[in-house]
Amino acid sequence: MMKHNNIIAVALGTILLGGGLASCSLDREPKRNLSQNQALLTITDAEAWEAGILSRLRSSQGGIYSFSQDVQADELTATPEYGNRFGQFADWTKFQAAQYDSRDVYANTYAGMKNINYTIEYLPSLQGLSEADQKKANRILGEAYFARAYSYLELAKRYGKAYNATTAEQDLSVSLLLRYDMIQKPPRATNKEVYAQILSDLAEAEKFLADVSGSANATKPTIDAVRALKARTYLYMGNYTEALAAANQLINSNTYPLMAASADNMKAMWRADGASLKESIFLPVVSFPSEANLSTPGYLNPNAAKSTFAPDYIPTKTVYNLFEDKDTRKGVYFVTGETAVLSGIEFTDIVLVAKWWGNPALAATDNAKWGKVPDGRMRPKLFRIAEQYLIAAEAAYHTGGDALIPLNALRSSRGLDALVGVSGDQLLQEIRKERQRELAFEGFRLFDLKRWNLGMTRGEPQTSTAGMPYIKDLAEQSYPATDNHFVWPIPYQDVQTGGLKQNPGY
């Protein structure tokens, strides 16, 4: 385990560059290590730090960063094959402060903060830069502020209560570590303080990325990625006026048009990373095989030799039935007719999650049946314009605007009929269902239930002629909105050694 005060620290007086020491001048002393104030002296050094920041940002997608909360939410049931993987998320009664995946999300996110904070602190000190290098420095600084805002929002969603303006000054969130300091042990900040810091970092990111125009499938943060994160942040804060303004700025730019409704286009989004489309606002490139993004192996767990699957978790019948047959997402987010082997029994009539099938062009292993083994290798889609349409619809509903315009635009793009004459609570429910459909299995669902103040009741499980393809006790769990497990625990050792106040119930 990692002590809280060491999360952003390295050995005293020594610092490791995010992109490796190879990029540093070998004329500096000492030869093997660089003191803290000697590690960022040139624009080449800055680029090495940038590489570290962006690599960390890419690696914090999928896996424990999205699968954990999806297992905890209501759309999945554990199969007999699950082997207690992510078991404490599936079984809320056993979710404790020592849970290692929630601990690792916490620790890894703070670990990434060391490169971010160092860059923000030392990059502005570079002197004598050419005009071109100054633009490059500004861009890197903007990316660092963006990454810090992104990181703190991810922490706040998990380890603090849902944002409530009336209680934000009292509700504890996470510690704010804003400098590269190896001995600081700040207490937990409040929701108000953490979200204010996120917005402050986004304002700085906007300033330094003002000249970095957004473009479809951008591989690095742009001004539009900042706006997308701002819209998401305001949505989680319940500030619907600002959320709507930020989302509409992206929608109205027409830089990211929604795809025409077709199964081929939807498959291109999730089997070819959407590179031929323009819906992704920020789509980082990953290096294969060293940075293979195995997003969610628990959904399929393919056996290449036998062309079968052994999923740890399968979708509920409830979430599958949420998709109409003409919905172009249905045949891409799910797969039917494959053979799943669970505890030695073959199941051929259950639905599997296929959203993270992967991009065959990036797959590592050939297979006679599939062409390439569906191993989940793909580019992470940090921000998509579809999310902005959903934010606009929800925010417009709460501010008295026409929520049907963005909602129907997205529905049309997915092959669904426009909704007519829908209003009031029925409209709100349609907005929420569309959000569930579009963002299914991307790590949003638990936090949506949390901010909507809704409980978690697992959907109806699938059945099979071969037997029960799920763990009954886990499939039948239900918890009210007040359950403490909607807020994840501060890792045990951070409470013990860092003196942080633990969340209630742990």
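That block above? That's the structure.
Residues numbered from 1 in each chain as written. Predicted model: local features only at pLDDT ≥ 70, side-chain atom pairs only at ≥ 80, totals over all residues. Heavy atoms only, no water.

We now examine empty space enclosed by the protein. All told, the structure shown has 5 cavities of 30 Å³ or more when counted by the stated rule. Computed from the structure, the largest cavity encloses a volume of approximately 330 Å³. In terms of lining, the largest cavity is formed by 25 residues, of which the most central are Gln61, Tyr150, Lys381, Glu442 and Phe444. Ranked by residues supplied to the lining of the largest cavity, first place goes to helix H5 (residues 131–159) with 4 residues. Among the residues forming the lining of the largest cavity, the class breakdown is 9 nonpolar, 8 polar and 8 charged. (1 Å grid on protein atoms, 1.4 Å probe; cavity = no way out; pocket = protein on both sides within 12 Å on 5 of 7 lines; lining within 4 Å. Points joined across faces, edges and corners; volume = space filled by probe spheres on them. Helix = DSSP H or I, 4+ residues; strand = E, 2+ residues; numbered from the N terminus. Nonpolar A, V, L, I, M, F, W, Y, C, P; charged D, E, K, R; others polar.)

Another aspect to go through is the nonpolar core. Core analysis: the biggest nonpolar cluster contains 144 residues, and Phe146, Tyr152, Tyr313, Phe383 and Phe441 have the highest contact counts within it. Counting residues per element, this core draws most heavily on H5, at 14 residues. (Core = buried A, V, L, I, M, F, W, Y, C linked by side-chain atoms within 4.5 Å. Buried < 20%, exposed > 50% of the residue type's maximum accessible area, 1.4 Å probe, protein only.)

What follows is about the packing of helix H7 (residues 223–237) against helix H8 (residues 240–253). The interhelical angle for the contact between H7 and H8, taken along N-to-C directions, is 155°, at an axis separation of 8 Å. The angle between H7 and H8 falls in the class roughly antiparallel. Pair H7 / H8 crosses with left-handed handedness. When H7 is examined against H8, the residues Asp224, Arg227, Ala228, Lys230, Ala231, Tyr234 and Leu235 are found in contact with a partner set consisting of Tyr240, Glu242, Ala243, Ala246, Ala247, Gln249 and Leu250. Taken together, the residues of the contact of H7 with H8 break down into 9 nonpolar, 1 polar and 4 charged. (Axes fitted to C-alpha atoms, helices over the stretch in contact; angles between N-to-C directions. Parallel < 35°, antiparallel > 145°, perpendicular 65-115°, else oblique. Left-handed = near helix turned anticlockwise from the far one by under 90°. Contact = heavy atoms within 4.5 Å.)

This paragraph deals with the layout of surface pockets. Taken as a whole, the largest pocket spans an internal volume of roughly 660 Å³. Lining of the largest pocket is provided by 33 residues; of these, Lys161, Ala162, Asp171, Lys450 and Val487 occupy positions nearest its centre. Put simply, the parts of the chain that give the lining of the largest pocket at least two residues each are H7 and helix H15 (445–451). A breakdown of the residues in the lining of the largest pocket according to their chemical character gives 16 nonpolar, 10 polar and 7 charged. In this structure, the second largest pocket encloses a volume near 200 Å³. Lining the second largest pocket are 16 residues; nearest its centre among them are Lys267, Arg271, Trp357, Gly358 and Pro360. Of all the secondary-structure elements, those providing two or more residues to the lining of the second largest pocket are helix H9 (263–271), helix H11 (330–333) and strand E8 (334–335). Looking at side-chain class alone, the lining of the second largest pocket contains 9 nonpolar, 3 polar and 4 charged residues.

Here the focus is the environment of Ala90. Here Ala90 lies in helix H3 (residues 87–90). When the C-alpha positions of Ala90 and Ser68 are compared, they lie 8.6 Å apart, and in sequence the two are 22 residues distant. Each residue touching Ala90, except ones within four places of it in the same chain, is listed here: Val71, Tyr313, Arg458, Leu474 and Gln477.

On to the pattern of salt bridges. Tallying each qualifying case throughout the model produces 42 salt bridges. Measuring nitrogen to oxygen at the nearest pair gives 2.7 Å for the salt bridge that ties Arg384 to Glu442. Of the two residues, Arg384 is situated in strand E14 (residues 383–384) and Glu442 in the loop between helix H14 (424–438) and H15; the sequence distance between them amounts to 58 residues. Accessibility expressed as a relative area gives 3% for Arg384, which makes it buried. (Salt bridge = Lys/Arg side-chain N within 4 Å of Asp/Glu carboxyl O.)

Despite not being glycine, Phe86 shows a phi value in the positive range, around 60°. Looking at Phe86, the relative accessible area reads 15%, which means it is buried. With a phi angle near 65°, Phe441 is a residue other than glycine that sits in the positive phi range. Position of Phe441 among the secondary structure elements: in the loop between H14 and H15.

Purely geometric stuff here, so don't read any function into it on its own.
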